[in-house]
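A structural walkthrough
Chain residues, written in single-letter form:
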There are 2 protein chains.
Amino acid sequence: MTAMARAATTSDAFNAIAEPQRRDILALLRTGERPVTDLARELGMSQPQASKHLRVLREVGLVRFRGAGKQRLYGLDARGLRPIHEWVGGFERFWNESFDRLDTYVQELKQTQQEE
Amino acid sequence: MTAMARAATTSDAFNAIAEPQRRDILALLRTGERPVTDLARELGMSQPQASKHLRVLREVGLVRFRGAGKQRLYGLDARGLRPIHEWVGGFERFWNESFDRLDTYVQELKQTQQEE
DNA sequence: CAAACGCGTGCCCATATAGGCATATGATGA
DNA sequence: TCATCATATGCCTATATGGGCACGCGTTTG
């Protein structure tokens, strides 16, 4: 256990929503529960793909499902998004300031360029 | 270009803040600008580590720096967090509903357990 | 009971990290 | 110009994906 790679995607909601397709799934589920196949079709991904993403979302608690015949209806459980909203919200006053700061900033030192 | 791995961490803010240490850096920078070494020390990470995380944050535009002598003062540019806040905010009414839904849910089908 | 359907998994591949370390770069000052 | 301080990078390793595919399983139907 010397070197570590990126934190497991299943570790928390932050990681779970870092993947675009998973964000799409969550967004679509706001409309209501859906079986895997439907989700896959509506979002243009393969069934295995959908299942895998759903698994991650399930493991961090952002979705849940209930069996419905041979299908599994997945539904949203947005509670896990709240902590994220709050964390990001902690920067709210900064993204407003930013502009001003940046201006002062730019004038302040026109040349200490921050290229790539 | 057949198989793809996770989206590059440098691709967007969502990925950038998926890493805990980077979130720590952003949080610390709310206090004000800081040179790399300070950041590293205050957050208990190596200098190279700090530099690397700062690079990612820089590439997605969440931080910027200005040269100050032989140092580089890194500062927060939270504007990039706004889109995230808005995306997550789009689920706000759901994380309140969730509880109720979940209750109904639980009673509704006590046994279609969603284990592991 | 067999065929069909809906899902979840295992396996293989190509990538993209995080970290630790050593070293290249830049800027500053003697 | 050279030594020094502050950072940025390159390299190597162990992991963790994300996708495609084939297949195993449980449920439903015929």
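Residues numbered from 1 in each chain as written. Chains lettered and ligands numbered in written order. Predicted model: local features only at pLDDT ≥ 70, side-chain atom pairs only at ≥ 80, totals over all residues. Heavy atoms only, no water.

Quick notes on the pattern of salt bridges
- Enumeration over the complete set of coordinates arrives at 13 salt bridges over all chains.
- Between Asp38(A) and Arg41(A) there is a salt bridge; the shortest N-O distance is 3.4 Å. Residue Asp38(A) and its partner Arg41(A) are located together in helix H3 (residues 36-43), separated by three residues, close to a single helical turn.
- Asp77(A) is paired through a salt bridge with Arg79(A); the nearest N and O atoms lie 2.8 Å apart.
- Taking the relative accessible area as the measure of exposure, Asp77(A) reaches 7% and is therefore buried.
- For Arg79(A), a relative accessible area of 26% gives the class partly exposed.
- Each of Arg64(B), Asp77(B) and Arg79(B) takes part in one network of salt bridges that share partners. (Salt bridge = Lys/Arg side-chain N within 4 Å of Asp/Glu carboxyl O. Helix = DSSP H or I, 4+ residues; strand = E, 2+ residues; numbered from the N terminus. Buried < 20%, exposed > 50% of the residue type's maximum accessible area, 1.4 Å probe, protein only.)

Observations concerning the pairing of strand S2 (residues 63-68) of chain B
Residues and elements named next belong to chain B.
- In this structure, S2 lies alongside strand S3 (residues 71-76), joined through six bridges in antiparallel fashion. When the bridges of S3 are listed, Val63 appears paired with Leu76.
- The antiparallel hairpin formed by S2 and S3 contains two residues in its connecting segment, where Gly69 sits at a positive phi of about 70 degrees. (Pairing = 2+ DSSP bridges.)

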